[in-house]
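Residue strings, one per chain:
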Amino acid sequence: QHRTPLCFRSVRSRSRSLPGCLRVPRWLQLLRVSLLYETAPKYLSEQPPFLNAAVLGHTDLSPLQLLYHLKQIEKAAGRDLAGARRFGPRPLDLDIIFYGNQDVQHEVLSVPHVSWQDRAFVKAPLADLLLPDDVARGHISEPGPQASVLGKLLTAVQQWEDEGGEAQVGQPGLCRVLPIHRQIWELGHSTHICGIPNITPDSF
């Protein structure tokens, strides 16, 4: 049974696409989910900001099978896979960033993703996926380090840190956000909710 860890950029859309995108398909065993980031468009500025996240999971699908299923999710979300403007507005954009420790070169797919190193909106959520125990263990959840995505994830996190790491979050064009009903709340600049829990014994 082929169970290879993968990372893919799971959300690049406005909030209306979030509910469908966050449903975990049966072919993915979800392990970790990053925080959510709102980012300015990188290549075509005349469009709304995007929401970005990353997930780490196991799949039995080959890279090309995985790509096919991701494109079907994009299509179901309303993305025009044939005639849309490159880098233009789209409801959803799902990318395979890493696929275990494999390098894949195909006419329709390159893994690692060819542009991940140039994109803070990819590296920030990827950094959320790495846990300290991963480094000590030498792999994430695989039987051993030979096929682990850990090496590539460590490379991404190291580049993120070299470029400023956490100091980049909150700068123009890159902020952490939280979807609340139909709103997107920015985290870190103001207090949105304040509460005092009552945990005295007579409260129960």
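Values in this document were obtained by computation on a predicted structure and should not be read as measured data.

**Description of the pattern of salt bridges**
No. 1: Under the criterion given, the structure shown has eight salt bridges.
No. 2: Residue R32 pairs with D134 through a salt bridge whose shortest N-O separation is 2.6 Å. Here R32, found in strand β2 (residues 28–33), pairs with D134, found in helix α4 (residues 132–137); they are 102 residues apart in sequence, far enough to count as distant.
No. 3: Judged by relative accessible area, which is 17%, R32 ranks as buried.
No. 4: Where R176 meets E166, a salt bridge forms, and the shortest distance between an N and an O atom there is 2.6 Å. Of the two residues, R176 sits in strand β8 (residues 174–180) while E166 sits in the loop between α5 (150–162) and β8, which places them ten residues apart along the sequence.
No. 5: Among the residues examined, R176 registers a relative accessible area of 16% and is labelled buried.

**Some remarks on the packing of helix α3 (residues 120–128) against α5**
No. 1: Viewed as axis vectors pointing N to C, α3 and α5 meet at an angle of 115 degrees, and their least axial separation amounts to 9 Å. Here α3 is positioned roughly perpendicular relative to α5, judged by the angle of their axes. Viewed along their axes, α3 and α5 form a crossing whose handedness is left-handed. Contact with α3, carried on its side by A120, K123, A124, L126 and A127, involves L153, A156, V157, Q159 and W160 of α5 and no other residues of that element.
No. 2: Here the residues of the contact of α3 with α5 sort into eight nonpolar, one polar and one charged.

**Section: the nonpolar core**
No. 1: By size, the foremost hydrophobic cluster in this structure holds 22 residues, and its most contacted members are F98 and L126.
No. 2: Counting only elements with at least two residues in this core, the list comes to β4 (50–59), β5 (95–99), α3 and α5.
No. 3: Counting 14 residues, the second-largest nonpolar core is a separate cluster that includes L70, L92, L94 and I96.

**Regarding a nonpolar patch on the surface**
No. 1: On the surface, a cluster of nonpolar side chains totalling about 230 Å² of accessible area is made up of V24, L30 and V33.
No. 2: Following the sequence through the fold, L30 ends up in strand β2.

**Thoughts on the environment of L81**
No. 1: Along the polypeptide, L81 turns up in the loop between α2 (63–76) and β5.
No. 2: Overall, the relative accessible area of 42% leaves L81 in the partly exposed class.
No. 3: Sequence separation of L81 and K71 is ten residues, and the distance between their C-alpha atoms is 7.9 Å.
No. 4: Those residues in contact with L81 that lie beyond four places of it in its chain are K71, E74 and K75.

**What to know about α2**
No. 1: Over its 14 residues, α2 runs 20 Å from end to end, which matches the ideal 20 Å to within 8%, given 1.5 Å per residue.
No. 2: Positive phi shows up at G78, right after α2, with a value of about 105 degrees.

**Brief notes about the packing of aromatic side chains**
No. 1: With the rule as written, the count across this model stands at one aromatic pair.
No. 2: On the basis of an interplanar angle of 75 degrees and a centroid distance of 5.5 Å, the ring pair of F98 and W116 is categorised as edge-to-face. Here the residue F98 occupies a position in strand β5, and W116 occupies one in the loop between β7 (109–111) and α3, the gap between them amounting to 18 residues. Side by side, F98 and W116 carry an identical accessibility label, which is buried.

Parameters and conventions
Residues numbered from 1 in each chain as written. Predicted model: local features only at pLDDT ≥ 70, side-chain atom pairs only at ≥ 80, totals over all residues. Heavy atoms only, no water. Salt bridge = Lys/Arg side-chain N within 4 Å of Asp/Glu carboxyl O. Helix = DSSP H or I, 4+ residues; strand = E, 2+ residues; numbered from the N terminus. Buried < 20%, exposed > 50% of the residue type's maximum accessible area, 1.4 Å probe, protein only. Axes fitted to C-alpha atoms, helices over the stretch in contact; angles between N-to-C directions. Parallel < 35°, antiparallel > 145°, perpendicular 65-115°, else oblique. Left-handed = near helix turned anticlockwise from the far one by under 90°. Contact = heavy atoms within 4.5 Å. Nonpolar A, V, L, I, M, F, W, Y, C, P; charged D, E, K, R; others polar. Core = buried A, V, L, I, M, F, W, Y, C linked by side-chain atoms within 4.5 Å. Patch = residues over 30% accessible without salt bridge, like charges linked within 9 Å, V, L, I, M, F, W, Y side chains within 5 Å. Areas by Shrake-Rupley, 256 points an atom, 1.4 Å probe, with all protein chains shown as cover. Expected span 1.5 Å × (residues − 1). Phe/Tyr/Trp six-rings, centres within 6.5 Å; stacked < 30°, edge-to-face > 60°.

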